[in-house]
Every structure is written in C-alpha cells, then in structure tokens.
Amino acid sequence: MDSWVNSAEILGSDLPLELSGTGNRRAVLMDALREAVRSGRLAPGTRLPPYRSLAADLGLARNTVADAYAELVAEGWLAARQGSGTRVAERAVPVTPVHRPRTPERAARPVHDLVQGQPDPSVFPRTAWLASARRALAAAPDDAFGPGDPHGRPELRRALAGYLARVRGVRAAPERIVLCSGAAHGLRLLAEVVGGPWAAEEYGLPFHRELLASHGVGTRPLGVDADGARVDGLTRRDRAVLLTPAHQFPTGGPLHPARRAAVVDWARATGGLVVEDDYDGEFRYDRQPVGAVQGLDPEHVVLVGSVSKSLSPALRIGWMVLPQRLVAPVVAAKGEREQFSSATEQLTLADFVESGAYDRQVRRMRQRHRRRRDQLVAALHARAPHVRVTGIAAGLHAVVELPPGTERSAVRAAARLGLAVEGLGDYLHPGAGRGPGAPGTPRAGAVGGVGAAGGAGSVRARAAGDTLVPQRDGLVVGYATPAESAYQEALDALCRSLPPFSPPVPAPPRPPAAP
C-alpha cells in the first residue's frame, strides 16, 4: 500500500487545501473546492489531481475524495471525461475580483531593429551547444553540483586562458581569471574594489557610466579622435580608465599603438588601472587582429569580456583577467559562493571552447556580419550617397554620419517607419565639452609624458596637430540583430529615414578692399 501511495503522489499534481471546519470530511472537502473555484484560484479548465493522489496528500480515504468529486460533477462545479481526468467546469462562476495594480501600457514594438549590441538570437548554435552540454554533464565532477566557487569553474578558466592567449594575445594563468555574469557585473565588482574617480572615453555606453555612478564612482570624459581615446588627458587623480582599445565604441577604430603604450606608462607611473572592455575584439573584417592591451602589462590592465556578442547575452557568462593583487579583493566582493552564473553553463562553455566549436561559431558569425556590413554600405551608397559611413572595419555596428542638426529628426523619422535606431549623441558623456576646453586636451597634472621614449610624449606631439572628433550628428546602426528575412526591409526603412542631400549654401562674395 505504501508504495502505491508514493506512486500516486508522484503522478498527481499538487493541490494544497485547508480543510477547516467540523463535521463530515466529504462536506468540508467540497466546501474547500467550491471556494477555490469561486475565488478564481481554480480557473475553468484546470485539471484536478487524481482522487487517489489528493486523498494521499490530504490524509483522507479515497472513497471520500471520489464521492466529493462525483457530487461536485453532479452540481456542475466540475466536469469529468474518460481519459481527460476531472477538471473545473467551463461555467460562469462569480469570482471575487482581485485588485491588481495597473501597469503602464507598453509602447508599440518596432517593426525593425537596428539597435546595436545584440546578435540575432536565431543563429545561436543550438545543436553544437547541446552536444557540449551533454559531454560536459557526463564528465562533470560531483562538486560541480554543490555550492559554487566564486572564482568560477576551473574547467572554464583553463579553457579561457588558452583561448585568450591564442586569439587576443592575453597573458594570464587560469588563477587570474574570475568569472562573472557579464561585462556589467565585472564593472560593478571593479568599481567596488578600485573606487573612483575613473576616466572614460567621451563616447561610450551610458549604461556603463550609470552603473559606475550607482556604485559611487564618477567618470570624467576623455576626448576621442581618429586614433581613439586621448589618453594624454589622464591625470594622477584618476584611479582607473575605461577604454575600448580594439574598436572604440561607438565611433570605431583601434587605439593607436603609441597611445596603447602611453596608457600603460600612465598606469605604471601613477598606480592607476586600465580597464579594457574587449566587447567585440573577435570581429574584424578589413584589418589584422589587434591584440589586447592587457598583453603589454598584465599587472596594470584588467581585460573584461563576455560571450554576449559572440554567442548570446542570455548565457550570462563573462570574465575578468586580473592583476594578481586584485584577484582576492574581487573574489571577496563577489561573495563566498557563485550566485550569478550557472556551473553547468560554465562547464558547457568550457567544452564548447575546448572542442573548437567556439572558434567555428566566431568564424561563421564574422562572415555573416561582414556580409551584413557590406549590404549596409552598398544600400547607403546607392540611396544616400551624401552620408558617410564610418567605424566599419570591425565590430557589429557602423556610424552613419549626418549633416549638423539632423540627428534627432532622423531618429524620429525612423520611429515613424517602425525602425528602432539610436543617435550618436545618445552615447556622448554628459560632461563632454566643446572647443579649446574639450576633454582630452592636456591639462595641469597630466602625466601622459612619463619619460618613456616613443611613449606618451610622442602621443602629445602627435595629437597637437590633430583635431578632436567633434560632437557630431549621426546614427549608430547595429547590423547584427535583424533576422535574415527582415534585414533588407530594415535597411530600406533606414534609407528612407535619412535627411535628403542639402548642398552647402555658398558664402556671399566679399566686398572689394577699399583702395
């Protein structure tokens, strides 16, 4: 009998009922079921547990529950069909209204999405990922299913150490890699450990600046030009600098080699920290790979990366390659146990990397994104030859430069066509200035020239003749997100939203000079 009851409990669905009141247990059970239907807790069509399992759960005789079901069927509260079990009858029952707070209506979802930052979810490598998951689970040690180590699974840290050294020129032992749930999580931990203030490129993700600010770390903008961040503007007050050296976000282009050396010199001279956001370093099309700045000085540079662009942001797996002195503080800030990233997902990614599937996926996506980029450039050349497209040598987005004063109207025109796209101004640091006082110009206390030959001193000399990237109008167009079937229509909407060509108004003739 006990084994039969256990089987009934396993096969049945749970239905906790409070059998309050005195008298006949069948009547009490019927009252409880009527109230559950009346209150809306059991909606019409809900399947009830088999009477045997409900009897076992409530400690009642099976005949008591069977008779209660039968009487409620006769009254019309329940309906019973052979092979379908017993369900709440489809009938009008007065239901006590449940007050729910009114939620604001969501804005209509755009028809086309060219917002940067997310790969097309339909190209996630499901078959290869499933194969890795099966192998990883079959080989997983028992401790993988216990409380997690805040460092992250050693299998994935070893796999990443080898991959990053081979592909990105990173110098790191697995012991210096701490796993996190994405780049944003890594920045939170670094903000807590390092403190502020930080310097950051004047064009960058507002989310990152807001995240740092929420942890008490203010950011000061560094100017950006065609060679990347103006690192000659760093000072001794800056505790850290947040950079995107492989492909400046969102304006495009790698950090110039002299500036890469100069920012490392700054960190050595001041004890500052370079935080390298390697958000799309694997996706390049028309130039040779640019190695990570971390490879120049692992003790003064933190490399932050994730699989959000290469695989999916849904996996919530990222990493920090840390200087030795920061490993223990960062792990302590993370907590005693791994509570942010699934150990089984980490094991799966480790197998995915070790088996070569990750390399294959990156190559596949690189070809796909390059084709998408070429389609974007061709469409704009054919239909809007007056606009300039920049930042296209790498990454998952391009910048479409617009005539001054037309950015917001272009974004609004795109919205009317059902196209989601962002303006370049959305990424500008609120503290960015204009003119001679623009961020990035050398100031008192700047330590760019620290005496290293060919280092920051040469950067300053080089930059003196350059022009800062002006705060300009443009659209940041992400070409990775749309499905293949929707991409051409999205490009059509983009071209239709752009301002028409307006020839420059010639300057009035100058009056002749007085004799």
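In what follows, the structure referred to is the one given above.
Given the structure is predicted, the values throughout are model-derived calculations rather than measurements.

Conventions used here
Residues numbered from 1 in each chain as written. Predicted model: local features only at pLDDT ≥ 70, side-chain atom pairs only at ≥ 80, totals over all residues. Heavy atoms only, no water. Pairing = 2+ DSSP bridges. Helix = DSSP H or I, 4+ residues; strand = E, 2+ residues; numbered from the N terminus. Right-handed = clockwise from strand over helix to strand, strands pointing away. Contact = heavy atoms within 4.5 Å. Phe/Tyr/Trp six-rings, centres within 6.5 Å; stacked < 30°, edge-to-face > 60°. Buried < 20%, exposed > 50% of the residue type's maximum accessible area, 1.4 Å probe, protein only. Lys NZ or Arg CZ within 6 Å of the ring centre and 35° of its normal. Core = buried A, V, L, I, M, F, W, Y, C linked by side-chain atoms within 4.5 Å. Axes fitted to C-alpha atoms, helices over the stretch in contact; angles between N-to-C directions. Left-handed = near helix turned anticlockwise from the far one by under 90°. Nonpolar A, V, L, I, M, F, W, Y, C, P; charged D, E, K, R; others polar. Salt bridge = Lys/Arg side-chain N within 4 Å of Asp/Glu carboxyl O. 1 Å grid on protein atoms, 1.4 Å probe; cavity = no way out; pocket = protein on both sides within 12 Å on 5 of 7 lines; lining within 4 Å. Points joined across faces, edges and corners; volume = space filled by probe spheres on them.

Novice: So what exactly am I meant to see when it comes to the pairing of strand S6 (residues 219-222) here?
Specialist: Along a regular strand, successive side chains alternate from one face of the sheet to the other. Judged from the four bridges that link them, strand S5 (residues 198-201) and S6 form a sheet pairing that is parallel. In the strand pairing of S6, Ala199 is matched with Arg220. Remark: the S5/helix H8 (residues 206-214)/S6 crossover connection has right-handed handedness.

Novice: Teacher, can you tell me more about unusual backbone geometry here?
Specialist: Outside of glycine, negative phi angles account for most residues, and trans bonds account for most peptide bonds. Here Gly196 and Pro197 are connected by a cis peptide whose omega angle stands at 5 degrees. Following the sequence through the fold, Pro197 ends up in the loop between helix H7 (183-194) and S5. Following Phe249, the chain continues to Pro250 via a peptide bond in cis, the omega torsion being 0 degrees. Summarising the element assignment, Pro250 is placed in the loop between strand S9 (240-243) and helix H9 (257-270). Even without glycine at this site, Arg316 takes up a positive phi of about 55 degrees.

Novice: Hey, could you run me through the side chain of His208 in this one?
Specialist: Tracing the chain through its elements places His208 in helix H8. Residue contacts for His208: discarding those within four places in its chain leaves Leu187, Leu242 and Asp277.

Novice: Looking at this structure, how should I read the packing of aromatic side chains?
Specialist: For any pair of aromatic rings, the description rests on two quantities: the centre-to-centre distance and the angle between the ring planes. All told, the structure shown has six aromatic pairs when counted by the stated rule. Aromatic side chains Tyr163 and Tyr358 sit 5.1 Å apart centroid to centroid with 85 degrees between the ring planes, which places their arrangement in the edge-to-face category. Taken together, the residues span a long stretch of sequence, with Tyr163 in helix H6 (residues 154-168) and Tyr358 in helix H12 (residues 357-383) at a distance of 195 residues. Note on accessibility: Tyr163 and Tyr358 belong to one class, buried. When the ring of Phe249 is compared with that of Tyr279, the centres are 5.4 Å apart and the planes differ by 85 degrees; the resulting orientation is edge-to-face. On the criterion of sequence distance, the pair formed by Phe249 in the loop between S9 and H9 and Tyr279 in the loop between strand S10 (273-277) and strand S11 (301-306) is long-range, its members being 30 residues apart. The lysine or arginine in question, Arg372, covers the ring of Tyr487, its NZ or CZ lying 4.4 Å from the ring centre.

Novice: Honestly, the nonpolar core in this entry has me stumped. Any pointers?
Specialist: Inside soluble globular proteins, nonpolar side chains tend to come together where they are buried. With 57 residues, the main nonpolar core has Leu311, Trp319, Leu349, Leu376, Leu380 and Leu475 as its most contacted residues. Here the element with the most residues in this core is H12; it accounts for seven residues. Once residues within four sequence positions are removed from consideration, Leu349 is found in contact with Trp129, Leu156, Val307, Leu311 and Ile317. By size, the runner-up hydrophobic cluster in this structure holds 26 residues, among which are Cys180, Leu190, Leu211 and Ala240.

Novice: Explain the packing of H6 against helix H11 (residues 343-354) here, please?
Specialist: For any two helices packed against each other, one specifies the crossing angle of their axes together with the interaxial distance. Taken N-terminus to C-terminus, the directions of H6 and H11 make an angle of 35 degrees; their axes are 8 Å apart at the nearest point. Crossing hand, H6 versus H11: left-handed. The residues of H11 that touch H6, namely those facing Glu155, Leu156, Ala159 and Tyr163, are Gln346, Leu347, Leu349, Ala350, Val353 and Glu354. Broken down by class, the residue content of the contact of H6 with H11 amounts to seven nonpolar, one polar and two charged.

Novice: Sorry if this is basic, but what is going on with the sheet that holds strand S16 (residues 422-423) here?
Specialist: Within a sheet, each strand pairs with its neighbour through backbone hydrogen bonds, oriented either parallel or antiparallel. What the four strands build is an open sheet, ordered S13-S14-S17-S16; its pairing is antiparallel. Looking at strand neighbours, the two that pair on one side only are strand S13 (388-390) and S16, the edges of this open sheet. Strand direction decides the pairing type here: strand S14 (residues 397-401) and strand S17 (residues 474-478), joined by five bridges, are antiparallel. In the strand pairing of S17, Glu401 is matched with Gly474.

Novice: Quick question: what am I supposed to make of the pattern of salt bridges here?
Specialist: It is possible for side chains of opposite charge to pair when their charged atoms get near one another. Tallying each qualifying case throughout the model produces 26 salt bridges. The residue Glu71 makes a salt bridge to Arg26 at a minimum N-O spacing of 2.4 Å. Placement of Glu71 in helix H4 (residues 62-75) and of Arg26 in helix H2 (residues 25-38) is noted, with a sequence separation of 45 residues between them. Given the relative accessible area of 32%, Glu71 is considered partly exposed. Of the charged contacts, one joins Asp143 and Arg153 as a salt bridge, the two residues approaching to 3.4 Å between their closest N and O atoms. Within this pair, whereas Asp143 is found in the loop between helix H5 (126-139) and H6, its partner Arg153 is found in the loop between H5 and H6, the two being separated by ten residues in sequence. Given a relative accessible area of 11%, Arg153 falls into the buried group. Through salt bridges with shared partners, a single network forms among Asp120, Arg368, Arg371, Arg372 and Glu484.

Novice: Just checking my understanding: could you explain the sheet that holds strand S12 (residues 318-321) for this structure?
Specialist: Taken in spatial order, the seven strands of this open sheet run S4-S12-S11-S10-S9-S5-S6, and their pairing is mixed. Two strands in the sheet have a free side with no partner beyond their single neighbour: strand S4 (177-180) and S6. If you compare each strand with its neighbour and ignore which way they point, the axes differ by 20 degrees on average. Of the pairings in the sheet, the one linking S5 to S9 comprises three bridges and is parallel in character. Opposite Trp198, over in S9, you have Ala240 as the bridge partner. Against the sheet, helix H10 (residues 324-334) makes contact with S4, S10, S11 and S12, and its axis sits at roughly 25 degrees relative to S4, the strand it touches most.

Novice: Is there a simple way to explain empty space enclosed by the protein in this structure?
Specialist: Using a probe with the size of a water molecule, rolled over the atoms, empty space left in the structure can be pinpointed. Evaluated as defined, the whole model comprises three cavities of 30 Å³ or more. The wall of the largest cavity is formed by 13 residues, among which Leu164, Asp278, Glu282, Ser306 and Trp319 lie closest to the centre. Counting only elements with at least two residues in the lining of the largest cavity, the list comes to H6 and S11. Taken together, the residues that form the lining of the largest cavity break down as six nonpolar, three polar and four charged. Every residue along the wall of the second largest cavity is listed here: Ala246, His247, Asp280, Gly281, Phe283, Arg284, Arg287, Val290 and Ala394. Along the lines of polarity and charge, the residues of the lining of the second largest cavity split into four nonpolar, two polar and three charged.

Novice: For this particular structure, what's the right way to read the layout of surface pockets?
Specialist: Estimated volume of the largest pocket: approximately 580 Å³. In this structure, the largest pocket is lined by 26 residues; those nearest its centre are Ala183, Leu205, His208, Asp277 and Lys309. Secondary structure elements with two or more residues in the lining of the largest pocket: H7, S5, H8 and S11. Broken down by element, the lining of the largest pocket gets its largest block of residues, three residues, from H8.

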